[in-house]
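Understanding the architecture of this molecule
One letter stands for each residue in the lines below.
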Amino acid sequence: MALHIACFVGARPNFMKVAPLLRLLRQDRQFAPSFVHTGQHYDFQMSEVFLHDLGLPAPDALFEVGSGTHAAQTARVMSATEHYFNRFRPDWAVVVGDVNSTLGVALTAARMGIAVAHVEAGLRSGDRAMPEEINRIATDHLSRLLFLPSADAGENLEREGVDRSRMRLVGNVMVDSLFLVLPRARKAEVWARYQLAPKHYCVVTAHRPENVDNRLHLRRLTDILAQVAARLPAVLPLHPRTRQRLEQARALAALQEVPGLHLTEPLGYLDFLGLVDGAAVALTDSGGLQEETTALGIPCLTLRENTERPITVTVGTNTLTGLDPLAVSACLDQVLAGTYKVGAIPPLWDGKAAERIVRAFTE
Ligand code: UD1
């Protein structure tokens, strides 16, 4: 009998991690995969466009859990997942990343005796104020198989007493998607839509609660954006949370007037990757973008005090600047002078992580 592997997605950063895995599972008769979307993200630009850009099929099940407090959202994911498992009872539940859906599915599966596999396991920022850190820790400890993107993740897990026999060092599955889509993304020349010249602009993303929910930090962020845009044109696709917070702080109109700063709607995977690939530098508080810029060799200034992806700093192109305008400005000096550090691509970020994951299910 083919192994039923249920692959779950919920929020924007999940799609590019599941796509390469699902593609391989669907090609192999040993597996009967299913594809389940919790509906944590639901806007076209936060969800459906990614299915399209990544060649993902329509989900076999869509829960429509939507937005809410952490408790309400996780509870809705759990309740819908329980219902799904009662009907279909897969052999494995595969969860990716660190969003509320990841934890909700893992917790439900573990309680129902369904084996959990966590892709992107072992990452730690050490900052439990971030909901994602709690999601990572809990999901890892509920999982039977832990797929590590880099060796440091294994060390984190060992420190927490997790047995090595549950871990598989497979590399970064997001890079599989990136390599696959990059030629198409480059062809689109997305920068031209904003009248920009390649390698002469900056891409910005910001949506972390600590940066946008806190008024003081939001102010610091917008000041930094104005400071950067005065030196280098910048594009900022606005995450819905960030748009809401800027509107509530009555700061959106002023930001729209900042010279050199282009505000856009959230972009799809292809467009965003093309924009990042053409950029001179990225400013971000996203986890995924820290990795994508390292894979592409593009300087990345991370507007956070810590990262769960330290390899992007030690090996890659990332620098943690926090919301410190002087640190941002010093890095920007180096980028513009061509003296910013040149990173390397971490081991096993080679586009073959999904192959290694699939192999692990039959070993
Ligand atoms: C979630 C993840 C975060 C990830 C981010 C990527 C958690 C705890 N957080 O944060 O790790 O980096 O996704 O985007 O799981 N909204 C829309 N349309 C949508 C989705 C959300 O308008 O399709 C709005 C809603 O008002 C919602 C808010 O954005 O309340 C935040 O959405 P939510 O899923 O709660 O968290 P994110 O900030 O997106």
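So, here is what we can say about the structure in this document. Quick caveat, the model's predicted, so the values are computed rather than measured. Numbering of residues starts from 1 in every chain and runs along the sequence as written. Per-residue local features are limited, in this predicted model, to residues with pLDDT of at least 70; the limit for side-chain atom pairs, both in listing and counting, is 80 or more; totals at the level of whole chains, interfaces and linings are taken over all residues. To obtain the side-chain values, all non-hydrogen atoms of the structure were used and water was disregarded.

1. Points about helix H7 (residues 173–187)
This is how it is decided: The angle between axes fitted to the seven-residue stretch ending at a residue and the seven-residue stretch beginning at it gives the bend at that residue. Where helices and strands are cited, they refer to DSSP runs of H or I of at least four residues and of E of at least two residues respectively, numbered from the N terminus. Type-normalised accessible area, obtained with a 1.4 Å probe on protein chains alone, sets the label of each residue: buried when under 20%, exposed when over 50%, and partly exposed for intermediate values. In this description, contact between two residues means that some pair of their heavy atoms is separated by no more than 4.5 Å. For the purposes of these results, a polar contact is taken to be a pair of N or O atoms within 3.5 Å, where, inside protein, one atom must be able to donate a hydrogen and its partner to accept one; residues adjacent in sequence count only when each atom of the pair is a side-chain atom.
Along H7, the sharpest kink reaches roughly 50 degrees, centred on Val181 and followed within four residues by the proline Pro183. By the burial criterion, the buried members of H7 are Val173, Met174, Val175, Asp176, Ser177, Leu178, Val181, Leu182 and Ala185. For H7, the elements touching its buried residues are helix H1 (12–27), helix H2 (48–53), strand S5 (115–119), helix H12 (269–277), helix H13 (287–296) and helix H16 (353–362). Residue Asn172 occupies the N-cap position of H7, its side-chain oxygen lying 2.9 Å from the main-chain nitrogen of Met174. Two residues or fewer after H7 comes Glu189, characterised by a positive phi angle close to 45 degrees.

2. Side note on empty space enclosed by the protein
This is how the line gets drawn: Cavities and pockets are defined on a 1 Å grid built over the protein atoms alone: a cavity is a set of grid points where a 1.4 Å probe fits but cannot escape, while a pocket is an open set with protein on both sides within 12 Å along at least five of seven lines, and lining residues are those with an atom within 4 Å of any such point. Grid points are joined across faces, edges and corners, and a volume is the space filled by probe spheres set on the points. By the convention adopted, Pro, Cys, Tyr, Trp, Phe, Met, Ile, Leu, Val and Ala count as nonpolar, Lys, Arg, Asp and Glu as charged, and the other residues, Gly among them, as polar.
In this structure the tally under the stated criterion is 3 cavities of 30 Å³ or more. Here the largest cavity is characterised by a volume of approximately 50 Å³. Lining the largest cavity we find Lys17, Val119, Glu120, Phe147, Leu148, Pro149, Val170, Gly171, Asn172, Val173 and Glu291. For the lining of the largest cavity, a count of residues per class yields 6 nonpolar, 2 polar and 3 charged. Within this model, the second largest cavity holds a volume of roughly 40 Å³. For the second largest cavity, the full set of lining residues is Phe8, Val9, Gly10, Asn14, Thr38, Val95, Val96, Ser101, Thr102 and Val105. For the lining of the second largest cavity, the elements supplying multiple residues, two or more each, are strand S1 (5–9), strand S4 (92–96) and helix H4 (100–111). In terms of residues, the lining of the second largest cavity owes the most to one element, H4, which gives 3 residues.

3. Focus on the packing of aromatic side chains
Let me state the cut-off plainly: The pairing test for Phe, Tyr and Trp rings, Trp by its six-membered ring, is centres within 6.5 Å, and the orientation test on the planes gives stacked under 30 degrees, edge-to-face over 60, and tilted for anything in between. Two thresholds decide whether a charge sits over a ring: the Lys NZ or Arg CZ must be within 6 Å of the ring centre and within 35 degrees of the ring normal.
Summed over all chains, the structure comprises 9 aromatic pairs. The interplanar angle of 80 degrees and the centroid separation of 5.8 Å between the aromatic rings of Phe8 and Phe85 together place this pair among those described as edge-to-face. Pair noted here: Phe8 is in strand S1 and Phe85 is in helix H3 (residues 70–88), with a separation of 77 residues, a long-range link. With centroids separated by 4.8 Å and ring planes inclined at 40 degrees, the aromatic side chains of Tyr84 and Phe88 adopt a geometry described as tilted. Of the two residues, Tyr84 and Phe88 both sit in helix H3, 4 residues apart, roughly one turn of that helix. By relative accessible area, which is 6% here, Tyr84 ends up buried. Positioned above the aromatic ring of Trp92, the side-chain terminus of Arg144 is 5.8 Å from the ring centre.

4. What to know about the layout of surface pockets
The condition is simple: Residue ranges assigned to the domains are those given by an automatic or database domain assignment.
Looking at the largest pocket, its volume works out to about 1,100 Å³. Of all the secondary structure elements, the ones that give two or more residues to the lining of the largest pocket are H1, H3, helix H5 (131–142), helix H10 (240–248), H12 and H13. Classifying every residue of the lining of the largest pocket by side-chain character gives 17 nonpolar, 17 polar and 11 charged. Counting only domains with at least three residues in the lining of the largest pocket, you end up with domain 1 (3–171 + 348–362) and domain 2 (181–337).

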